[in-house]
Amino acid sequence: MDHNCGFDFNSMKNLLLPVSILNAILSVVAIFGNCMILLAIYRTPGLRTNSNYLIASFAVADFSVGLIMNPLYAVKAGLAIQDTSHPLAVVAEVMTLQTLTATTYSLCGVSVDRYLAIVAVFRYESYVTTERCLRLIGLIWVFSFIIPLPRVFITDQFNALPTMWMFSYTVVFIIPLSGISFCYFRIYKAARAQARRIACEHITDLRQAIKILKNRKATWTAAVVIGACFLMWLPSCILSFIQSLTSDECLKVHIDFITWFWVDTLAFASSAVNPWIYFLRTREFKQALIRVLLNRSCWGCNRQSTNPGGTGVARTEEVQIKGQPCGKEEPATMRLQSFSSAPGLA
């Protein structure tokens, strides 16, 4: 059988040249964006929370995509390397699995953190401690280096490798996605119940109201990041199942020689997009980014943000609680006095 199925090497190089250029651009964007996230957390004490340690782990995974994966794929596509036993191909695929595992399970950790922040808002700090967060992050990264090991020893390009990828995507994509979906289903129900309670009971406790609203804003920001990440990785997961289950050998060759390059590039693009979602949706990250870009230290900034009853400048937030609280059809409006230093409200 002709394993090339009529593919011309020169035409393949022309088709893959845009992939090489795109990965080079994505590399710069991912490195810069995730460096800014890590610097923002490092230089702003108010951002050094247990939740943000998980986000930092996620940013490190995304940074490694920009630093390692994008350049590897730029070179691999530029040289049109198709032999899966080529050292560059092996390294690229091992690192793909490693970074994907670190990314998806870090996102799963963020989802569990947000779940506890919403459904157990007043017991959250006893559940989510710094020690537990650091242990979880350590386990995620150890696991991420174990999962890709089989790829080092598998070289059968058209049979064993597709099966390995299908199994790997089940472990590192479908399982964490299931856990994330469960968490956000419960979060959605709890958030609706909290909205009704705020509207019906007219909660006047400043600390309680700010904590609830702050957690909801952070939760939906995380949901946007998670949704974008999984949408960009979904084609890779689907393609791995198609390649493993199809009996059309030429389709397998086409997928291996051309399609994987484009689909993986789309997946890697999530690492360039994710940090900017945090900067656009989170006021504290946006302010920290500006300080980092202006090279200003902020060792005392936002220290009071962990204390909603601190001495920040008071301002008024108007929050629309939509739905049908207390049996009424019109949205209930509650005016909350909050503090400009309270994170997640702007």
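All values derive from a computational prediction rather than experimental measurement.

## Notes on the overall build of the protein chain
Move 1: In terms of helices and strands, the protein chain carries 10 helices and two strands.
Move 2: Taken from the N to the C terminus, the helices and strands of the protein chain come in the order α-α-α-α-α-α-α-α-α-α-β-β.
Move 3: The burial tally for the protein chain puts 53% of its 346 residues in the buried class.
Move 4: Across the protein chain, every contact between residues at least 6 apart in sequence was considered, and the portion connecting residues at least 24 apart equals 80%.
Move 5: As displayed, the protein chain has an accessible area near 16,100 Å², and 65% of this comes from carbon and sulfur atoms.

## Concerning helix H2 (residues 50–78)
Move 1: Taking 1.5 Å per residue as the helical rise, H2 with its 29 residues ought to reach 42 Å, and the 41 Å between its terminal C-alpha atoms agrees with that figure.
Move 2: Its maximal kink placed at Val65, H2 deviates by approximately 35°.
Move 3: Across the 29 residues of H2, 21 count as buried, placing the element largely inside the fold.
Move 4: Just past H2, the residue Ala80 takes up positive phi, approximately 55°.

## As for the packing of H2 against helix H3 (residues 87–119)
Move 1: Taken N-terminus to C-terminus, the directions of H2 and H3 make an angle of 160°; their axes are 9 Å apart at the nearest point. With respect to H3, the axis of H2 lies roughly antiparallel. Relative to H3, H2 is oriented so that their crossing is left-handed.
Move 2: Its residues placed into classes, the contact of H2 with H3 shows 18 nonpolar, eight polar and five charged.

## Let's talk about the packing of aromatic side chains
Move 1: What the rule picks out here adds up to 13 aromatic pairs.
Move 2: Plain terms: the ring middles of Tyr115 and Phe182 are 6.3 Å apart, the flat faces sit at 45° to each other, and that makes the pair tilted. Of this pair, Tyr115 sits in helix H3 while Phe182 sits in helix H7 (residues 160–201), and the two are 67 residues apart along the sequence.
Move 3: For Phe182, a relative accessible area of 47% corresponds to the partly exposed category.

## Here's the deal with the packing of helix H9 (residues 249–281) against helix H10 (residues 283–293)
Move 1: At a minimum axis separation of 5 Å, H9 and H10 run at an interaxial angle of 105°. Between H9 and H10, the angle falls in the class roughly perpendicular. Counted together, Trp276, Tyr278, Phe279, Leu280 and Arg281 of H9 and Arg283, Phe285, Lys286 and Leu289 of H10 form the full contact between these two elements.
Move 2: Among the residues making up the contact of H9 with H10, the classes are represented as six nonpolar, no polar and three charged.

## Overview of H10
Move 1: Within H10 the residues assigned to the buried category are Arg283, Glu284, Phe285, Ala288, Leu289, Arg291 and Val292.
Move 2: Asn295 occupies a position one or two residues after H10 and carries a positive phi of about 60°.

## What about the confidence of the model for the protein chain?
Move 1: The predicted model of the protein chain has a mean per-residue pLDDT of 77, with 77% of residues at 70 or higher.
Move 2: By mean pLDDT, strand E1 (residues 314–321) is the weakest element of the protein chain at 38, and helix H5 (residues 130–146) is the strongest at 94.
Move 3: Considering only residues more than four positions removed or in separate chains, one finds that residues 302–325, a stretch of pLDDT under 50, has 66 contacts.
Move 4: Confidence drops under pLDDT 50 across residues 327–346; counting only partners more than four residues distant or on other chains, this segment forms 74 contacts.

## Description of a nonpolar patch on the surface
Move 1: On the surface, Val142, Ile146, Leu149, Val152 and Phe153 cluster together to form a nonpolar patch covering roughly 520 Å² of accessible area.
Move 2: Elements supplying a minimum of two residues to the nonpolar patch: H5 and helix H6 (149–153).
Move 3: No other element matches H6, which puts three residues into the nonpolar patch.
Move 4: If you trace the backbone, Phe153 turns up in helix H6.

## What to know about the environment of Gln194
Move 1: Mapping Gln194 onto the fold places it in helix H7.
Move 2: Sequence separation between Gln194 and Val119 is 75 residues; the distance between their C-alpha atoms is 9.2 Å.

## Comments concerning empty space enclosed by the protein
A water-sized probe rolled over the atoms picks out the places where empty space is left.
Move 1: All chains considered together, the criterion is met by two cavities of 30 Å³ or more.
Move 2: Taken as a whole, the largest cavity holds about 240 Å³ of empty space.
Move 3: Around the largest cavity sit 19 residues that line it, and Lys76, Glu93, Trp165, Asp256 and Trp260 are the ones nearest its centre.
Move 4: Listing elements by their share of the lining of the largest cavity, those giving two or more residues are H2, H3, H7 and H9.
Move 5: Of the residues in the lining of the largest cavity, the class split is nine nonpolar, five polar and five charged.
Move 6: Space inside the second largest cavity adds up to approximately 40 Å³.
Move 7: Residue lining of the second largest cavity: Asn34, Ile37, Ile55, Phe58, Ala59, Asp62, Asn274, Pro275 and Tyr278, and that is the complete set.
Move 8: Of all the secondary structure elements, the ones that give two or more residues to the lining of the second largest cavity are helix H1 (9–43), H2 and H9.
Move 9: Among the elements that take part in the lining of the second largest cavity, H2 stands out by supplying four residues, more than any other.

Conventions we followed
- Residues numbered from 1 in each chain as written.
- Predicted model: local features only at pLDDT ≥ 70, side-chain atom pairs only at ≥ 80, totals over all residues.
- Heavy atoms only, no water.
- Helix = DSSP H or I, 4+ residues; strand = E, 2+ residues; numbered from the N terminus.
- Buried < 20%, exposed > 50% of the residue type's maximum accessible area, 1.4 Å probe, protein only.
- Contact = heavy atoms within 4.5 Å.
- Areas by Shrake-Rupley, 256 points an atom, 1.4 Å probe, with all protein chains shown as cover.
- Expected span 1.5 Å × (residues − 1).
- Bend = angle between axes of the 7 residues up to and from the residue.
- Axes fitted to C-alpha atoms, helices over the stretch in contact; angles between N-to-C directions.
- Parallel < 35°, antiparallel > 145°, perpendicular 65-115°, else oblique.
- Left-handed = near helix turned anticlockwise from the far one by under 90°.
- Nonpolar A, V, L, I, M, F, W, Y, C, P; charged D, E, K, R; others polar.
- Phe/Tyr/Trp six-rings, centres within 6.5 Å; stacked < 30°, edge-to-face > 60°.
- pLDDT = per-residue confidence, 0-100.
- Patch = residues over 30% accessible without salt bridge, like charges linked within 9 Å, V, L, I, M, F, W, Y side chains within 5 Å.
- Salt bridge = Lys/Arg side-chain N within 4 Å of Asp/Glu carboxyl O.
- 1 Å grid on protein atoms, 1.4 Å probe; cavity = no way out; pocket = protein on both sides within 12 Å on 5 of 7 lines; lining within 4 Å.
- Points joined across faces, edges and corners; volume = space filled by probe spheres on them.

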